[in-house]
Amino acid sequence: MQALVVAAHGSHLNPDASDPAYAHADAVRERGAFDEVREAFWKEEPHFREVLRTLESDEVFVVPLFISEGYFTERVIPRELRLEGWEPDLWDSDGTSATHATLEAEDVGKTVHYCGPVGTHDAMTDVIVRRAESVTGDPEVGEGFGLAVVGHGTERNENSAKAIEYHADRVRDRERFDEVRALFMDEEPEVDDVTDYFESRDVVLVPLFVADGYHTREDIPEDVGLTDDYRRGWDVPADVDGHRVWYAGAVGTEGLLADVLLERAIDAGADVDVDIDAAVDPDSTAEGAGTPPESEPESGKERTLEAGGGET
Amino acid sequence: MTASEPRFEATLDPDALESLLARIDPDGVDFDGLRLEPAGGGEYDLVTPETTRRAVSPADLADAEPPVPAYLTNWRYWQDVGGEGTARRAFLRWCERAPRPEPETETETTPRDDREPLPVPERYAALEDGIDREWGQLRITPRLADDPETASGERVYDLTHRVDAGRDPADLEIQDEPRDARRIATEDGDGRYRPLKTAPTLVSGWAFVGLSGAELVETVDTFYPATIANWHRELRGDLDVDHWRETADRQTGMYADVADLPRETVEWMAEACCVDSQCLKRREWEYAPDDELEVEGGDGPFPCREPCSLVVAAARTWTDLEQEPERTYELELTPSEVRQLEALIDAVAEGRTDEIREADVADGANRYRARYLRAKRFDEDGLDVREVSTAETDGESGE
Ligand code: SF4
């Protein structure tokens, strides 16, 4: 038997933070690719610490639903899963190239294939492009458009910025969009100045975040100037300094992300018999997790979240 | 079907019997009181606590008097459940009060089941109407399936909130699949998010009806993640408890400081967060392996094996707060106002503020009483207090 564990941050304060984890795990479940599929969390239950013992499978593929390699994927998750002999070097990664490492979990004696995060998988580039297609409603979007991949920046570690740049480079290499940029919330080039960085009239903004939360629903919309007050919502596209900005909401809520989970597990040797491309409903998004652009995002209560809990 | 006609009597049809016999391996069967051994010539020796019959033909088996069919279908059902040694199987057996498998590791500290195990005939009689068990706020009711299509002896499981025990099922909202439990478990009755799944704030008014064993386990695990696995470990004597010190020492990053929390505050913390009124897990972790906390761990069926993420996160706040030195303050209060402060803190701590009636000004935690006290004793900076001593460690802010 083999199991897939989707390892996500979760939140003590905001129930929506775990929606993408559940939605993507459900999508994998429905394909019947694994005998067991479980969500596990740092702030919710089952905790990373106790998820493995809920499985009957002896072989477990753990995929972190995180954007970048860093503190959570390199230290917290392996420690809490009790992966014997883990050290980040086992991934042999340059910051975006982790695939997997195979270890044993001490408390349960199971074989764990510990995968790199979804955020740095090559297939994530497709998810970003898909996000641009869905927010513009144009499956051919590209010509005449700029695309910005937006991330935290160095708040936690340098790999966070690397993941953003990695995908921006890959989208650029496809020569589909007129201009492609990596922009950040807390370092240069800053997303606040988005219109300074693009000549194209139309710019799609895709935040590389796992879940929608205060960064994607409050900070970015206000900083970019989509709205003066996030509570009143914003238009898609919104007029900002003579540009039309198409703001997509967190990439982690895109239905296609379930495929990245599967790809991660397959890369790590999972015996999965599904046709990934055929199985995706192009219009699906993580249920309950997407922010309809015209909707009014929730109040600012979650601002008290510790270290941006849930947005990783 | 009436309760006076046990349904297992009529349903051991030839097909069911044939498939049963096909499963008997050469060593025979020894399960839940049933012993069945091939006796050669296609015949069997049959022993149950009630009956001993040698060299029985399949035709005789098919006609066997109760409770033999119960023993046979019971064996078949548990063969289908499979999963020997798994938590899933042990839990499903606990649900219907079947005997525990091997009490090999049972010790003084192995939790006792509060209900006696039932031998097969009694168990089948009880399963006719359903056997009720409680798991936190859940009520689990295994019963014999009344669907004539399913093999005789098949169990199905109903699941409701325990407060809905006596309610007409028609009043309950019937759920379709195990993952519906996720939505039910997300918010309490006031619409507040429940970050702690084992908080005793599960809403009622819903029912899962006719779940399979695997679906039941999945649903219970959604309401109370990992409780079955840890209960099973405890039963087998290998629950791996991590006490406060180990858990705190393991933390890094923003939680690294919780290791500095003084011992007595861990005691207060367990009293604040882990008692049964706040969390249905039975706290098995202590301050350290040889240093027990005084506060009660609780009585729930499933154990808590280490401080949860909510407690660790709260501990971080207390770690910060407890670094402040104590000081002495002076303020004017009437004796009743002192009582009122106690009443206010109690009401918040017990989550009782919603229950205090609007006009019940005799209750110190009544809103008008609180507003009055604020009007009287607060100035623009809050409570009107004067600091009369300054802690030695903090020489700056005294007056
Ligand atoms: S640490 Fe306390 S509050 Fe948390 S799950 Fe255990 S008993 Fe419940």
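Just so we're clear, the structure is a prediction, and the values are computed from it rather than from any experiment.

### Topic: the packing of helix H1 (residues 19–30) of chain A against helix H7 (residues 257–267) of chain A
Residues and elements named next belong to chain A.
Here is step 1 of the chain: As a packed pair, H1 and H7 sit with axes 9 Å apart at the nearest point and diverge in direction by 65°. Comparing the axis directions of H1 and H7 gives the class roughly perpendicular. Considering the relative orientation of H1 and H7, their crossing is right-handed. Of the residues in H7, those touching H1 at His24, Ala27 and Val28 are Leu257, Ala258, Leu261 and Leu262.
Here is step 2 of the chain: Looking at the contact of H1 with H7 residue by residue, the class counts come to six nonpolar, one polar and no charged.

### Topic: the sheet that holds strand S7 (residues 179–184) of chain A
Sheets are built from strands paired through backbone hydrogen bonds, the pairs being either parallel or antiparallel.
Residue and element names in this part refer to chain A.
Here is step 1 of the chain: Spatially, the five strands line up as an open sheet ordered S7-S6-S8-S10-S9, and their pairing is mixed. Of all strands in the sheet, those bounded by a partner on one side alone are S7 and strand S9 (238–240). Taking the axes of each pair of neighbouring strands and ignoring which way they run, one obtains an average angle of 30° across the sheet.
Here is step 2 of the chain: Alignment of strand S8 (residues 202–207) against strand S10 (residues 243–247), held across four bridges, turns out to be parallel. By the bridge assignment, valine 204 is partnered in S10 with tryptophan 246.
Here is step 3 of the chain: Sitting on the sheet, helix H5 (residues 158–173) touches strand S6 (145–151) and S7, and the angle it makes with S7 is about 170°.

### As for the domain arrangement of chain A
Accessible area lost on assembly of the parts is the figure often given for the size of an interface.
Residues and elements named next belong to chain A.
Here is step 1 of the chain: With domains assigned, chain A is organised as domain 1 (2–120 + 255–280) and domain 2 (124–253).
Here is step 2 of the chain: Just the C-alpha atoms count here: the centres of domain 1 and domain 2 sit 26 Å apart.
Here is step 3 of the chain: With 25 residues of domain 1 in contact, the opposing surface of domain 2 contributes 20 residues.
Here is step 4 of the chain: Buried surface at the junction of domain 1 and domain 2, summed over both partners, amounts to about 1700 Å²; 63% is from carbon and sulfur atoms.
Here is step 5 of the chain: Broken down residue by residue, the surface that domain 1 buries against domain 2 is led by Ile67, Thr96 and Leu256, which jointly contribute 31%.
Here is step 6 of the chain: Applying the counting rule to domain 1 against domain 2 returns one salt bridge.

### Digging into helix H8 (residues 227–235) of chain B
Here is step 1 of the chain: Most of H8(B) is tucked away, with nine of its nine residues classed as buried.
Here is step 2 of the chain: What H8(B) keeps buried is the set Thr227(B), Ile228(B), Ala229(B), Asn230(B), Trp231(B), His232(B), Arg233(B), Glu234(B) and Leu235(B).
Here is step 3 of the chain: The elements touched by buried residues of H8(B) are helix H2 (48–51) of chain A together with helix H4 (87–95), strand S5 (133–135), helix H7 (213–223), strand S10 (282–283) and strand S11 (303–304) of chain B.
Here is step 4 of the chain: Following H8(B) by one or two positions, Gly237(B) adopts a phi angle in the positive range, close to 80°.

### A look at the interface of chain B and chain A
Here is step 1 of the chain: The interface of chain B with chain A comprises 30 residues on the first partner and 31 residues on the second.
Here is step 2 of the chain: The junction of chain B with chain A conceals about 2600 Å² of combined surface from both sides, 42% of it contributed by carbon and sulfur atoms.
Here is step 3 of the chain: At the boundary of chain B with chain A, the tally comes to 21 residue pairs in polar contact (both at pLDDT 80 or more).
Here is step 4 of the chain: Counted by class, the side of chain B that touches chain A contains ten nonpolar, eight polar and twelve charged residues.

### Focus on the packing of H4(B) against H8(B)
Residues and elements named next belong to chain B.
Here is step 1 of the chain: Where H4 contacts H8, the axes come no closer than 9 Å and their chain directions differ by 85°. Overall, the two elements H4 and H8 adopt an arrangement that is roughly perpendicular. Between H4 and H8, the contacting residues are Ala87, Ala90, Phe91 and Trp94 on the first element and Ile228, Ala229, Trp231 and His232 on the second.
Here is step 2 of the chain: Among the residues making up the contact of H4 with H8, the classes are represented as seven nonpolar, one polar and no charged.

### Topic: the side chain of Thr73(A)
Residues and elements named next belong to chain A.
Here is step 1 of the chain: Assignment of secondary structure puts threonine 73 in helix H3 (residues 71–81).
Here is step 2 of the chain: With relative accessibility at 1%, the residue threonine 73 sits in the buried group.
Here is step 3 of the chain: A distance of 2.9 Å separates a polar atom in the side chain of threonine 73 from the backbone nitrogen of glycine 70.

### Here we look at a negative patch on the surface
Here is step 1 of the chain: A cluster of like negative charges, contributed by Glu188(A), Asp192(A), Asp193(A), Asp196(A), Glu222(A), Asp223(A), Asp228(A) and Asp241(A), occupies part of the molecular surface.
Here is step 2 of the chain: Looking at Glu188(A), the relative accessible area reads 55%, which means it is exposed.

### Quick notes on the site of the ligand
Here is step 1 of the chain: Near the ligand, the surroundings consist of Leu196(B), Cys273(B), Cys274(B), Cys279(B), Lys281(B), Trp285(B), Cys304(B), Pro307(B), Cys308(B) and Val311(B).
Here is step 2 of the chain: Within the shell around the ligand, the residues separate by chemical class into nine nonpolar, no polar and one charged.

### Comments concerning H5(A)
Residue and element names in this part refer to chain A.
Here is step 1 of the chain: The end-to-end C-alpha distance of H5, which contains 16 residues, comes to 23 Å, matching closely the 22 Å that a straight helix rising 1.5 Å per residue would cover.
Here is step 2 of the chain: The set of residues buried in H5 consists of Asn159, Ser160, Ala161, Ala163, Ile164, His167, Ala168 and Val171.
Here is step 3 of the chain: Along its buried surface, H5 packs onto H3, helix H4 (123–136), S6 and S7.
Here is step 4 of the chain: Just past H5, the residue glutamate 175 takes up positive phi, approximately 55°.

What counts and how
Residues numbered from 1 in each chain as written. Chains lettered and ligands numbered in written order. Predicted model: local features only at pLDDT ≥ 70, side-chain atom pairs only at ≥ 80, totals over all residues. Heavy atoms only, no water. Axes fitted to C-alpha atoms, helices over the stretch in contact; angles between N-to-C directions. Helix = DSSP H or I, 4+ residues; strand = E, 2+ residues; numbered from the N terminus. Parallel < 35°, antiparallel > 145°, perpendicular 65-115°, else oblique. Left-handed = near helix turned anticlockwise from the far one by under 90°. Contact = heavy atoms within 4.5 Å. Nonpolar A, V, L, I, M, F, W, Y, C, P; charged D, E, K, R; others polar. Pairing = 2+ DSSP bridges. Domains from an automatic or database assignment. Buried area = accessible area lost by both parts, 1.4 Å probe. Salt bridge = Lys/Arg side-chain N within 4 Å of Asp/Glu carboxyl O. Buried < 20%, exposed > 50% of the residue type's maximum accessible area, 1.4 Å probe, protein only. Polar contact = N/O pair within 3.5 Å; in protein donor to acceptor, adjacent residues only side chain to side chain. Patch = residues over 30% accessible without salt bridge, like charges linked within 9 Å, V, L, I, M, F, W, Y side chains within 5 Å. Areas by Shrake-Rupley, 256 points an atom, 1.4 Å probe, with all protein chains shown as cover. Lys, Arg positive; Asp, Glu negative; His and termini not counted. Charge placed at Lys NZ, Arg CZ, Asp CG, Glu CD. Near = heavy atom within 4 Å. Expected span 1.5 Å × (residues − 1).

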